[in-house]
Amino acid sequence: MALPPPEPALFPRPDNSPFEHACERCGTYAPLSSKYGPSLCAECIERTAHPIVQTSASLGEVLTGVFQLLRVVGLPAVLLVTLAELPMSIFEFVVPDVPFALSNLWGFFVGTAAEMVVLHLAWQAIATREQQVAVGAAVSAVGQRLGALLGTRFFSNLLTLLYSLLLVVPGVMKALSLTLAMPIALHEGADANAAMAASTARMEGHRWTALFAYCLAGAPFLVLLLALLCLGTGHDLANAASAPASSTATTAFYDYTMLALGVLTPAALVPVTLVPAVLYAKLRQPQRGTAV
Ligand SMILES: [Zn+2]
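Values in this document were obtained by computation on a predicted structure and should not be read as measured data. (Residues numbered from 1 in each chain as written. Predicted model: local features only at pLDDT ≥ 70, side-chain atom pairs only at ≥ 80, totals over all residues.)

**Q** Break down the packing of helix H3 (residues 59–94) against helix H10 (residues 207–217) for me, with residues and values.
**A** Interhelical geometry of H3 versus H10 gives an angle of 40° and a closest axis separation of 9 Å. Put simply, H3 runs oblique to H10. For the element pair H3 and H10, the recorded crossing hand is right-handed. Across the interface between the two elements, Leu59, Val62, Leu63 and Val66 from H3 touch Thr209, Phe212, Ala213, Leu216 and Ala217 from H10. (Axes fitted to C-alpha atoms, helices over the stretch in contact; angles between N-to-C directions. Helix = DSSP H or I, 4+ residues; strand = E, 2+ residues; numbered from the N terminus. Parallel < 35°, antiparallel > 145°, perpendicular 65-115°, else oblique. Left-handed = near helix turned anticlockwise from the far one by under 90°. Contact = placed C-beta atoms within 7 Å.)

**Q** Account for unusual backbone geometry, naming residues and giving values.
**A** For Arg129, which is not a glycine, the phi torsion comes out positive at approximately 50°. Turning to its location among the elements, Arg129 is positioned in the loop between helix H4 (100–127) and helix H5 (135–144). One non-glycine residue with positive phi stands out, namely Glu130, at about 65°. Along the chain, the position of Glu130 falls in the loop between H4 and H5. Residue Glu130 is classed as partly exposed on the basis of its C-beta count, with 16 C-beta atoms lying within 10 Å. (Buried ≥ 20, exposed ≤ 12 C-beta atoms within 10 Å, placed from the backbone.)

**Q** Break down H10 for me, citing the residues and quoting the values.
**A** Every buried residue belonging to H10 is among Thr209, Ala210, Ala213 and Ala217, and all of these are buried. The arc that holds every buried residue of H10, seen down its axis, measures 95°, which confines them to one face. Of the residues in H10, the exposed ones pointing more than 90 degrees away from the buried face are Trp208, Phe212 and Cys215. On its buried side, H10 packs onto H3, helix H7 (168–177), helix H9 (192–203) and helix H13 (270–282). (Arc of directions from axis to C-beta.)

**Q** Give me the environment of Cys41: which residues, what numbers.
**A** Here Cys41 lies in the loop between strand E2 (29–30) and helix H1 (42–47). Cys41 sits in the buried class, given 22 other C-beta atoms within 10 Å. Residues Cys41 and Tyr29 lie 12 residues apart in sequence; the distance between their C-alpha atoms is 7.9 Å. Once you skip the residues sitting within four places of it in the chain, Cys41 turns out to touch Cys23, Cys26, Thr28, Ala30 and Leu32.

**Q** Please provide a residue-by-residue account of the nonpolar core, values included.
**A** Within the largest apolar cluster, 52 residues are counted, with the highest numbers of intra-cluster contacts made by Val118, Ala122 and Val278. Elements with a minimum of two residues in this core: H3, H4, H5, helix H8 (181–187), H9, H10 and H13. If you tally residues by element for this core, the top one is H4, at 11 residues. Setting aside its immediate chain neighbours within four residues, Ala122 contacts Leu69, Val73, Leu274 and Ala277. By size, the runner-up hydrophobic cluster in this structure holds 6 residues, among which are Cys23, Leu32, Leu40 and Cys44. (Core = buried A, V, L, I, M, F, W, Y, C linked by C-beta atoms within 7 Å.)

Here's what the structure looks like:
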């Protein structure tokens, strides 16, 4: 009785190099990548890639990608960014006149770190085709890159500010060019300078898509802001009409409104955070068939 041919994956090729192993999907000997999920060759990774990687970087596909990621990492992302902002929001509510610089610094250090953990969760979801998303792995990856990430954020903001001093439009265009700076600094071990240069190169021709994607992904935040503003204004008007002398209630209402805004804003901005995650996955390699 003839034995069936051996599973190629079980038998090492006679002259296999130490860097080539049998792909867990097709059995071909090749350098494999197993950073997330099974060890696969480049072709199998390509063939089984997440839809976000396989589809184009059009506005529709970017927004579809944001929705797909929200479905997988939306809940942990909302919890993470809310928890990160909560201590500062409560502090500002309890202690009157917290210096603006203090909440700014909190946002820069803690807010950026939380945002980067969300970015890493999104990348895990894309890289493992939604098989494996671990908050612990994301936190440790961000921890290892924190210095470079904070540096990239600082210089990106500085550069955007300098361009904004010229005019609003150059500032916006610069910010859009730097869309991928944070994911590149997080995933590719780049320092601030290299990350910003690589982002500018990859975003060439995609800045308008990014602008519209940011605007649409930011819609929940704008709705929240408008709702709270309307609520506040309505209350102020009612208050002024009934008792113009007493402003205590108005002040308290204003404080609560600001607390609500502080607590809810990070969660409402999660879709905005996912825009660079989607664009990074789509624009990681030069698009096939187009000149670099
Ligand atoms: Zn393979």
